[in-house]
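Observations on the three-dimensional arrangement
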Amino acid sequence: MMSLPIIDISPFLDASSSPASRQQVALFINNACTEFGFFYLTGHGIPQAKLEEIISLARQFFALPNEQKNKIKRHDAAGPEGGDGARGYQGMGENVTQGKKDMHEAIDLYREWDHAPTVERSGGPGTRSTLQGPNLWPDEPGKLKPVYLAYIKQLQNVGSALVRAMGQALELPPPDPNSAGTPETEDSEVFVRNTDHSFWVMRLIGYPKLTTPVSPDAPITSLSCGEHTDYGCVTLLLTDPTPGALQVLLKDGTTWLNADPIPGAFVVNIGDMIERWTNGLWKSTRHRVIHRGEGYRVSVPFFFEPNFEAVVRPLERCVERSGKEAMHEGSTYGEHLLGKVFGNFYG
Ligand SMILES: N=C(N)NCCCC[C@H](N)C(=O)O
Ligand SMILES: O=C(O)CCC(=O)C(=O)O
Ligand SMILES: [Fe+2]
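Report on the accompanying structure. (Residues numbered from 1 in each chain as written. Chains lettered and ligands numbered in written order. Predicted model: local features only at pLDDT ≥ 70, side-chain atom pairs only at ≥ 80, totals over all residues. Heavy atoms only, no water.)

Thoughts on the nonpolar core
- Core analysis: the biggest nonpolar cluster contains 78 residues, and Ile29, Tyr148, Leu162, Met166, Met202 and Phe266 have the highest contact counts within it.
- Counting residues per element, this core draws most heavily on helix 4 (residues 144-169), which supplies 13 residues.
- Ignoring any residue separated from it by four or fewer positions in sequence, one finds Phe266 in contact with Phe39, Tyr40, Leu41, His44, Ile46, Leu51, Tyr151, Leu155, Leu236, Leu237 and Leu238.
- If you look at the next biggest cluster of nonpolar residues, it comprises 18 residues, including Tyr40, Leu237, Ala245 and Leu246. (Core = buried A, V, L, I, M, F, W, Y, C linked by side-chain atoms within 4.5 Å. Buried < 20%, exposed > 50% of the residue type's maximum accessible area, 1.4 Å probe, protein only. Helix = DSSP H or I, 4+ residues; strand = E, 2+ residues; numbered from the N terminus. Contact = heavy atoms within 4.5 Å.)

Encoded structure:
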C-alpha cells in the first residue's frame, strides 16, 4: 500500500545545519508537493508529550455539556451579539462543506489583529466586522489557553521554517542582500516575507462516530468533513491515533488514500495560496474526513497562512516552468479567506 512521504524538517530549524542537508530536504519537499501535496513532517522539535496534551485538552473541552461549550459560541458578524462570524465554538453540523452539514464540532481561533478587515457588515452598535477578534477561549479546561498559546508560538516557527524550505525547493534565487526585499521580489524567501504576520487559523475539532452503515461499499450520506482544499500556505495537522478517518485524493482524481497518523509527526498539506503562487506546479490537494471508527476522534489542525494583506499572484518562474498561462491575476489572501469563511457558515 502506498503511503505519503515522511520529511524531517530539522535542518531548516537548526541554524548550524549544512547547506547540503537543507538541499536534501528541499528536494524531498519538491517531490512530495509535486506528487501528493501531502506529507508527514518530523524533526519539528515539539515533544510528543506536548502534542498529546494538546489533543487531551481539546478532548476535555468537547466532553463538556453543550451549555458550557455554548458560552463561547460563534456569533454572526451582523447579529446583535456583536460576533465576528468566525471565532468561537460551533456545534455539530454548523460548519458546511459543499452545501452539506459536516458532522463535527469545533472551536476556531485566528490570529488577533487590531486593524479592521476590508469587509464591513451592517448591524447594531457594537457589531464587529467579519474576522475581527478577539478569540473566544473556554474557561475549562483551565490549562487550555496557556498551553495552546505556547503551542501556537512553536507552530508559527515550524511553519516559517517549512515555507522557507518550500521557497528553496522551488529553486528560486537566494534573496539579494542589497535589496530591501519588497514583497514583490521573487526569491526563495518570498513565502517567508508574505507570512511574517501570518493570519494563522487553529481549529480544535471533535468528530463523533458516523452512524451510517459501516460497510465500505455503503453510499456515503454524511461526512465528518466534506471534500475540500485548505486555503492558505501549509496545514500542520495533529490528530489522535484514530486510523482510517482522513483521506487524501491522489493525482488520478479518483483514489482516496488514508493519511493515518504517525505518532509525533504532523500531517502537512499545502493550501490554495501555494497552488496559486506556484501556478499549479504544486496543488492544494483535496481531502475529507469520514470517521466510522470507534470512539470520539479529535484533531487540531494549525493553518499557517499568508499575511491577511499579502497579494498572491503566480510567481513568474513558476508560470514559465508550468508552461501554462498564469492561473490567477492576483488578489489578497484575506479576500480569499473571507469568501471561504462566508461559505462555511452561510453557504
Ligand atoms: N481554515 C480551514 N482551512 N478550514 C478547513 C475547513 C474545511 C471545510 C470547510 N467547510 C470548507 O468548505 O472549506
Ligand atoms: O481532522 C482532520 O483530519 C482534517 C481536518 C481538515 O481537513 C480541516 O479542518 O481542514
Ligand atoms: Fe482540510
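Structural notes on the site of ligand 1
- As a matter of local geometry, ligand 1 sits amid Asn95, Val96, Thr97, Asp102, Cys225, His228, Asp230, Tyr231, Phe303 and Asn344.
- Between ligand 1 and Val96 there is a distance of 2.9 Å, counted from a nitrogen atom to a backbone nitrogen or oxygen.
- When ligand 1 is considered free in solution it has 370 Å² of accessible area, and contact with the protein chains removes 92% of it.
- Residue assignment for the shell around ligand 1 shows that the elements contributing at least two residues are strand 4 (96-97) and strand 8 (225-228).
- Its residues assigned to classes, the shell around ligand 1 comprises four nonpolar, four polar and two charged. (Near = heavy atom within 4 Å. Polar contact = N/O pair within 3.5 Å; in protein donor to acceptor, adjacent residues only side chain to side chain. Areas by Shrake-Rupley, 256 points an atom, 1.4 Å probe, with all protein chains shown as cover. Nonpolar A, V, L, I, M, F, W, Y, C, P; charged D, E, K, R; others polar.)

A closer look at the coordination of the iron ion (ligand 3)
- The iron ion (ligand 3) binds to the protein through His228 (NE2), Asp230 (OD) and His287 (NE2); the donor distances cover 2.1 to 2.3 Å.
- Residue class for His228 comes out buried when judged on its relative accessible area of 18%.
- A relative accessible area of 5% places Asp230 in the buried class. (Donors = N, O, S within 2.8 Å, 3.2 Å for Na, K, Ca; no water.)

Quick word on the environment of Thr239
- As for its position among the elements, Thr239 is in strand 9 (residues 234-239).
- Thr239 sits in the buried class, given a relative accessible area of 16%.
- When the C-alpha atoms of Thr239 and Val267 are compared, they prove to be 8.6 Å apart, with 28 residues separating the residues in sequence.

Focus: the packing of aromatic side chains
- Applying the stated criterion to the full structure yields eight aromatic pairs.
- Both rings, one in Phe61 and one in Phe62, keep their centres 5.5 Å apart while their planes meet at 70 degrees; by these two values the pair is edge-to-face.
- For the ring pair Phe199 and Phe308, a centre distance of 5.2 Å and an interplane angle of 80 degrees mean the geometry is edge-to-face. In this pair, Phe199 is assigned in the loop between helix 5 (190-193) and strand 7 (201-207) and Phe308 in the loop between strand 14 (297-304) and strand 15 (311-312), connecting sequence segments 109 residues apart. For the pair Phe199 and Phe308, one class covers both residues: buried.
- Members of the aromatic cluster, each reached through a chain of ring pairs, are Phe61, Phe62, Tyr89 and Tyr296.
- Positioned above the aromatic ring of Phe12 is the side chain of Arg22, whose terminal nitrogen or guanidinium carbon lies 5.2 Å from the ring centre.
- Above the face of the Trp256 ring, Arg288 is positioned so that its terminal group lies 3.9 Å from the ring centre. (Phe/Tyr/Trp six-rings, centres within 6.5 Å; stacked < 30°, edge-to-face > 60°. Lys NZ or Arg CZ within 6 Å of the ring centre and 35° of its normal.)

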